Each structure stands twice: as C-alpha cells, then as structure tokens.
Amino acid sequence: MERNVRLKVIGSVSLIVVLLVTMLVTACAPKSAGEEPIKIGLLANKTGGLAAYGYSHEKVAIAAVDQLNAEGGIAGRSVELYVEDDESKPSVGATKFRKLVENNGVDFVLDSNSSGVAVACCPIAKELNTIYFPCSSATEISGDKGNRYIFQACTNVREECKGAAKFAVDNIGKKWVTVVVDYSWGQANEEAFTTYVTQNGGTVLASIRVPLGTSNWLPYLKGKIPADAEAVYFANFGSDFLCFLRDLYAVRPDIEKLGAVYAISARDPAELGAPAEGLYCLTSYPTRLAGLDTPGNKEYRDIIGVNSDGLEIGTDKYFVLAYDWAVWEPIFALKAAIEKSGWTSKADNPALIETLEGMHFEAGVKFPQGDMYYRAADHATIAGIYVEQIVNGELTVAAAVPASEVVYTSLVDRTKEPF
Amino acid sequence: MPSIDVSTLLFLLSDGLLWGFTIALVALGLSLIFGVMGIVNMAHGDIYMVGAVLALYVLEWTGNFWLSIIIVPVVIGLLCVPTERFVLRPFEGRPAVTMIATVGIAYIIQQVVLATFGGMHEKMPNPWPVVINLFDVGYSGYRVLIAVISVVIIIGLWFFLYKTSYGILIRASIQDKEMANAMGINSNKIAMATFALGGALAAIGGVLAAPVTQVFYLMGADVILLCFIIVIVGGLGSLKGTLIAALMFCTLQGGMSIILTPVEAKVAIFVIMILVLLFRPRGMFAK
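What this report covers is the structure whose coordinates are included nearby.

Definitions and cut-offs
- Residues numbered from 1 in each chain as written.
- Chains lettered and ligands numbered in written order.
- Predicted model: local features only at pLDDT ≥ 70, side-chain atom pairs only at ≥ 80, totals over all residues.
- Heavy atoms only, no water.
- Helix = DSSP H or I, 4+ residues; strand = E, 2+ residues; numbered from the N terminus.
- Buried < 20%, exposed > 50% of the residue type's maximum accessible area, 1.4 Å probe, protein only.
- Contact = heavy atoms within 4.5 Å.
- Areas by Shrake-Rupley, 256 points an atom, 1.4 Å probe, with all protein chains shown as cover.
- Lys, Arg positive; Asp, Glu negative; His and termini not counted.
- Charge placed at Lys NZ, Arg CZ, Asp CG, Glu CD.
- Buried area = accessible area lost by both parts, 1.4 Å probe.
- Salt bridge = Lys/Arg side-chain N within 4 Å of Asp/Glu carboxyl O.
- Polar contact = N/O pair within 3.5 Å; in protein donor to acceptor, adjacent residues only side chain to side chain.
- Nonpolar A, V, L, I, M, F, W, Y, C, P; charged D, E, K, R; others polar.
- Arc of directions from axis to C-beta.
- Pairing = 2+ DSSP bridges.
- Axes fitted to C-alpha atoms, helices over the stretch in contact; angles between N-to-C directions.
- Phe/Tyr/Trp six-rings, centres within 6.5 Å; stacked < 30°, edge-to-face > 60°.
- Parallel < 35°, antiparallel > 145°, perpendicular 65-115°, else oblique.
- Left-handed = near helix turned anticlockwise from the far one by under 90°.

For the rest of this paragraph, the subject is the overall build of chain A. Regarding its fold elements, chain A presents 12 helices and 14 strands. With respect to the three principal axes, the spread of C-alpha positions in chain A is 100 × 50 × 40 Å. For chain A, buried positions account for 58% of its 419 residues. Long-range contacts, defined here as pairs at least 24 residues apart, represent 68% of the contacts in chain A between residues at least 6 apart. Surface summary for chain A: the accessible area is close to 16,000 Å², and the carbon and sulfur share equals 55%. Averaged over its 38 positive side-chain charges, chain A has a centre that lies 5 Å from the centre of its 52 negative ones.

If you want it as structure tokens, here you go:
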C-alpha cells in the first residue's frame, strides 16, 4: 500500500515537471514575427451616454478584422481584436487604454467616440509607444492635445464647419444663432461655425450654451433668439436633440435649422415630424446609399449589415453610421502602411508613422467614404463632407462638399516632433 | 445683465411650476421611503427610468399610452416588494449602508435596461398633441395635462396618508417607528408597502415624463440629484416640505435662467440649498 502511494506521488510529480518544462520551452522558443498575430485594441463606448455609438463601432471593427483575416491578414500575419468598454468616461477610457496595451499587448488602438476619452488617451498613447486612431471630432486632437502617435480617424469639427459655412450662408440664411451643448464638442462647434460663417459674409447674432442632458430647452430659447435671426446652427445629439427640436419649434417654428454631425444619426426622419421638416444636418457619411452610391460603399454596407436606407439588417433599426467608416478605414490604412514600411513590431513605429503621414487612400470598399488622406502636419483625416436635409420625412443629400473645401491651415507640425 | 422681458419671465416661471408638480411626485416617493424605512434610495432615479421604458413598451404592445399610467406603477410596485424583502430589509434604518445597496440596485437596473432596451435615446410620441399659447410660445398642452394629473395623484396620496387607516399607520411609522412597533403595528409590512408605493410614484413620474424628456437608460440621473436636493431642503421625511420644495426649486430654476447662465443657475441651486440648511439644518419643514 505504502509503495503504491509512493509510486503515485512520484508519477504525479514527474508529470507536473514534464508539463512545466514543456510550457517553459514553448514560451521561450524563438518565434518569427510572422507567426505572431497583430493585435488591435478597440476602445468602444459600450455603456454610458454614447452606448448606441459603441455598439455600431464594435460591430464595424469586428467586420473589418474578419474581412482582413479572410484576405490573408496584414503582411501574412493574422489580426486579433481586443475590445474594452470605456463607459464614455475619460477616466475609465484612460485606464482601459493602458489595460489594452499593458495587459493585452495590443500594437494599435482605435476609437472612442467620446472627445473626453480620446483627449485623455492621447498622451498615454505616446507614453506607451502605441499608435492611436481616435474616432472623435474634437479639434484639439489634431491640434494642441495630439502628438505624433495620434491619427484622428474622422473629420474634425473645424473641417466640418468650414465645409458647411459657405453652403449655410448661400442657401440657408445670413443671420444666425448658435445653440450648442455646453462642453468641449459643442463649444468647438460654436467657435468654428462663428468663425467660418463670418468669413463667408454671415453674422452670428447670439450664442446659446445649454447643459448636456437638458430635457427642457424652453428656458434657454424663449426670449434668447433675436427676432431677425433667420437660422439656427445647433450641436447636440440623442435626447438633447429631440428635446431641442421640439422646444425650438414651440418658440420659433419658422426658423431654419442646420445641425452638426451626429444630430440626426440613427433617427427615423419621418418620426421626427413637422419640427424636423426642412432641417439640414452635416455628416461625413450619408445615411442612405443614394447619397454616396458607389460600388465600394455598397459592398461596405453589405459587409457591416446595413441596408440602403441605413437600417441594420436583422433588427430593422436605424444604425449609427456617422463615424463608423472612421473605425473601418484605419484598419485598412494600417494594412497598407505596415506592408509598405515593413513594420514588424513597435520598434518600427517611427517608420510606420512616417509612412502614414501624408499617405493617400483611394475610394473603394476599404475606404467607402471616398478618397482620403492623413495630413502629415497635424495627422487630421482630410475627406469630403455632406449636408443632408429632411424633405417630406425622408433624408436626402442637399450638398456634397469636396475635401478641398474643408481644408484649413494646420495649427501644428507633427513632422518636427521627436518620437 | 440682459434686459428682462415680462412675458418671458412669466412664461419661464409658469413652465417651471408646471414641471415642479411632476418632479414633486418622484421626490415624494423618495421622501416616503426615507421617512418610513431610513433608506437613502439611490436607485430611485432608475426606477423612474424603468417607468419611462415600460411606458414605451406598453405603447408598442397596446397602442395606448394612457394604459401605462395604470399598468406600469402596478408592475413596478410588485417588483419593489421582493426587492425590499430580500435585498433592503437587513439594512433598513442604516442610511449609509442602504446607499451602497441601492447604488448596486441602480447599476443592475441600468445594465439590464441597456442589454434589453439598448443605448439609444428613444422618442416617445406626444400622446396629447394639443398646443396652447402660453405667453407667445406654442406650449405643449401635454405638459399642462401632466401637471394636472400629478396634482390629482398628489391629492390622492394626501387622502390615502391622512384619511385612511393604512395611511395613518405609515405616518405613525414615519413619526416614531419604535413606538409604532410597540403599539403592535407590523413595521415590516408597512415598510414593504411604503417601498412599493415610493417605487410606484417614481414609475408614474417616469411614465408622465417620457414624452417630455425622451427615453434613455441613463435618464434617471437627470432627476435624482434634483430630487435629493428637494428632499433635503424640504426636510428628510417631510411630505409637505418635499412638495413645497419641489415647486419652489423648479419655479426658481425657470426664473433664474433668464438672468443666469446654465452653470450659474446650477451653482445658485446649491447656494440656496446651503443657505436653507445653514438656518434650518434639518430642512425647512422637518420637526
């Protein structure tokens, strides 16, 4: 009996030793870079105030990585996606960014639709030698808050307002009032729209700021909109937009309206009713396929599961499309730049960054929004924008503004920054 | 200093007062729960939110919004019964612990709604699309109607608490729980009924507010802070104080927006709260 027990112990110990040695040898065995997958992190707003946007961004990122892997990955290496929820909060986003890089070992990070999260993560990206593609339109990201590791994946507020200002003055009105939610994104819209409308011969008679999450806009609108104002430029979304629209209609049903990107995103225009009839809204990606009817865009929609009207296939709900393309495109931009620069690991980041700086991409399924490039000086995405309008309860594209008309003089020169 | 237009001022005061009645409903539920059970219900705003979400479902399933005013508070009240019995009862009378427990409940409610209802703001159609000219504004008749409904419910609540034997038992528990126990009142049953009643009031508030505020899984955060300020200033557990403070704060908020910026208005609300507490540390109407 004693002998049997001794044999069992010796057998168990031997087995454990063999297993440990095998694991150690496997872990220490040199691997060529080609065997290791390239890891991409996604900071999605899965919960919090921007939860609807996080859902669509995650779905699009998964589709892009699947598509990439089906085509052979990047430089022969497969791609793995790691998703973290930033809860739409800067403090959480910053922690999750570190987790993605330090725990999951991701090579690149994409997204966060939240300006606060994106701005908070910019210095961390540089500290951790990680190239980051935030999907937020805050002007600071391609301005004083960004750095050489940051490539703003979507168009920014300054481009959007510059592109829209001429159309606004020529077609909507000359005397404007701005109404924005009172935080950095809203304030940036107020500032940029005022600047460019004035440059185009219009005037801004009053600027109104309203706290985020306001359900009753009447106290901020009644008596605050001058009688001779012809149009309102507004920057709000979600319930703010719905409540603003209703209350503006109560105060000034006659006034024209132009909204910033995102206002009508994922909204059924027919459901918005009379207050929204005739409303204009900026977007960097048309909701309906008819607004950008190219083979590449159609294929992109088929892959991400969105029909020609902007409804998600399967749920028949309006999908948040506004900046989804800006989650999709950086993945294919990375593939092109990695294969061009010969990048194999983070040690090669300087060469990869230099390759991405000024890199142009042609419209197609990989770049469904159209031709675009990362401007070398500030790492801004330069692409065209659109003005949508609700006519008879349906969304139509009232104007397409080419990339050449959204370009402004860069505020910084990243190419002179050391790595 | 902007010039003050009288019609604008009167409009803003009226608008604030009308909204105050709906907020009073929600705050009364919070005050009742604290008064009887000693529970600081951090999930109260989320119960309000669930009321709005369920109203949207009732509308979708039955095509009739008005049914939700009856169905939703009953459903919420029934859900509150096991919550009180199995989650909160061990902590009753210990406000600090109940805060932590109810924060947990609030997170669970939010995540369940996010997973099922989604994270998109949903538009609730206006069930009474009548427009009233109120000081040159095409004012929603529905807002006036919900103020009237809220007043009717508040009168009903007053009748229940002051004119029925069960209401007297609840008030007895608020005034002196130990004495009520000594007199043979089953305080556990009273607590359970009170939590259900408080939850139902929040749910009715959510149902009525849904077409005004739109429906979103975090919408509870919009009202919970204001309700706590109202309950504290009115006097913890004082129903009369809660009602008066709700009407006072909402009317003031409306009036202040004509001369103050949004940030200044928020600061002013807290300054008023601090001033009241400096002179009346237990609130305006606490005994």
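A few words on the interface of chain A and chain B. Contacts between chain A and chain B engage 34 residues on the former and 32 residues on the latter. Taking both partners together, chain A and chain B bury about 2,400 Å²; carbon and sulfur atoms supply 58% of that area. Put simply, Asp247 of chain A and Arg143 of chain B hold a salt bridge, and the shortest N to O gap is 3.0 Å. There are eight residue pairs in polar contact (both at pLDDT 80 or more) connecting chain A and chain B. Of all the secondary-structure elements, those providing two or more residues to the side of chain A that touches chain B are α2 (51–70), β6 (203–210), α7 (218–221), α8 (238–251) and α9 (269–272) of chain A. Tallying contributions element by element places α8 of chain A first for the side of chain A that touches chain B, with eight residues. Here the side of chain A that touches chain B is built from residues that sort into 14 nonpolar, 10 polar and 10 charged.

Now for helix α6 (residues 165–175) of chain B. Residues and elements named next belong to chain B. By the burial criterion, the buried members of α6 are Gly167, Ile170 and Ser173. The arc that holds the buried residues of α6, viewed along the axis, is 120°, so those residues lie on one side. Along α6, exposed side chains directed more than 90 degrees from the buried face belong to Ser165 and Gln175.

Right, let's talk about the sheet that holds strand β8 (residues 256–259) of chain A for a bit. Residues and elements named next belong to chain A. Strand order in this open sheet of seven strands is β6-β5-β7-β8-β9-β13-β14, and the pairing throughout is mixed. Both outer strands of the open sheet, β6 and β14 (394–401), are each paired with one neighbouring strand and no more. Strand-to-strand twist of the sheet, defined as the mean angle between neighbouring strand axes without regard to direction, takes the value 25°. Along the sheet face, α8 touches β5 (175–181), β7 (231–235) and β8 and points at about 160° away from the line of β7.

Let us now look at the packing of aromatic side chains. Residue and element names in this part refer to chain A. Here the structure, examined in full by the defined rule, presents 31 aromatic pairs over all chains. Here Phe133 and Tyr374 contribute two aromatic rings whose centre-to-centre distance is 6.0 Å and whose plane-to-plane angle is 50°, an arrangement assigned as tilted. Here Phe133, found in strand β4 (residues 131–133), pairs with Tyr374, found in strand β11 (residues 372–374); they are 241 residues apart in sequence, far enough to count as distant. On the basis of relative accessibility, which here comes to 1%, the residue Phe133 falls in the buried class. Judged by centre distance (5.1 Å) and plane angle (45°), the rings of Trp328 and Phe332 are tilted. Of this pair, Trp328 and Phe332 both sit in helix α11 (residues 325–341), four residues apart, which is roughly one turn of that helix. Overall, Trp328 belongs to the buried group, its relative accessible area being 0%. Overall, Phe332 belongs to the buried group, its relative accessible area being 3%. The structure contains a cluster of three or more aromatic residues connected by ring pairs, namely Tyr53, Tyr183, Trp185, Phe237, Tyr262 and Tyr323.

So, on to the packing of helix α3 (residues 68–88) of chain B against helix α8 (residues 187–213) of chain B. All names here are of chain B. Running from amino to carboxyl end, α3 crosses α8 at an angle of 140°, the nearest separation of the two axes being 7 Å. Classified by the angle their axes make, α3 and α8 are oblique. With respect to the hand of their crossing, α3 and α8 are arranged in right-handed fashion. Here Ser68, Ile69, Val72, Pro73, Ile76, Gly77, Cys80, Val81, Thr83, Glu84, Arg85 and Leu88 of α3 come into contact with α8, specifically with Ala191, Met192, Phe195, Ala196, Gly199, Ala200, Ala203, Ile204, Val207 and Leu208. Split into classes, the residues belonging to the contact of α3 with α8 amount to 16 nonpolar, four polar and two charged.

Strand direction decides the pairing type here: strand β1 (residues 131–134) of chain B and strand β2 (residues 137–140) of chain B, joined by four bridges, are antiparallel. Residue Leu134 of chain B lies in a different strand from β2 of chain B, and its bridge partner there is Val137 of chain B.

A complete count under the given rule lists 24 salt bridges over all chains for this structure. Residue Lys366 of chain A is joined to Glu71 of chain A by a salt bridge in which the shortest nitrogen-to-oxygen separation is 3.7 Å. Linking Lys366 of chain A in the loop between β10 (360–361) and β11 with Glu71 of chain A in the loop between α2 and β2 (79–85), this pair joins segments that are 295 residues apart in sequence. When its relative accessible area of 38% is taken as the criterion, Glu71 of chain A is described as partly exposed. When salt bridges that share partners are traced, they join Arg246 and Asp247 of chain A together with Asp15 and Arg143 of chain B into one network.

To continue, consider the sheet that holds strand β3 (residues 108–110) of chain A. Within a sheet, neighbouring strands are paired by backbone hydrogen bonds and run either parallel or antiparallel to one another. Residue and element names in this part refer to chain A. On the basis of which strands lie adjacent, the open sheet formed by four strands has the order β2-β1-β3-β4 and parallel pairing. Of all the strands in the sheet, just β2 and β4 have a single pairing partner and so form its edges. Sheet twist, expressed as the average angle between the axes of neighbouring strands with direction ignored, equals 20°. As paired strands, strand β1 (residues 38–44) and β3 are joined by three bridges and run parallel to one another. Within the sheet, the bridge partner assigned to Gly41 lies in β3 and is Val109. Strand contacts of α11: β1, β3 and β4, with the helix running at about 155° to β3, the strand carrying the most contacts.

In short, geometric facts, not functional conclusions.
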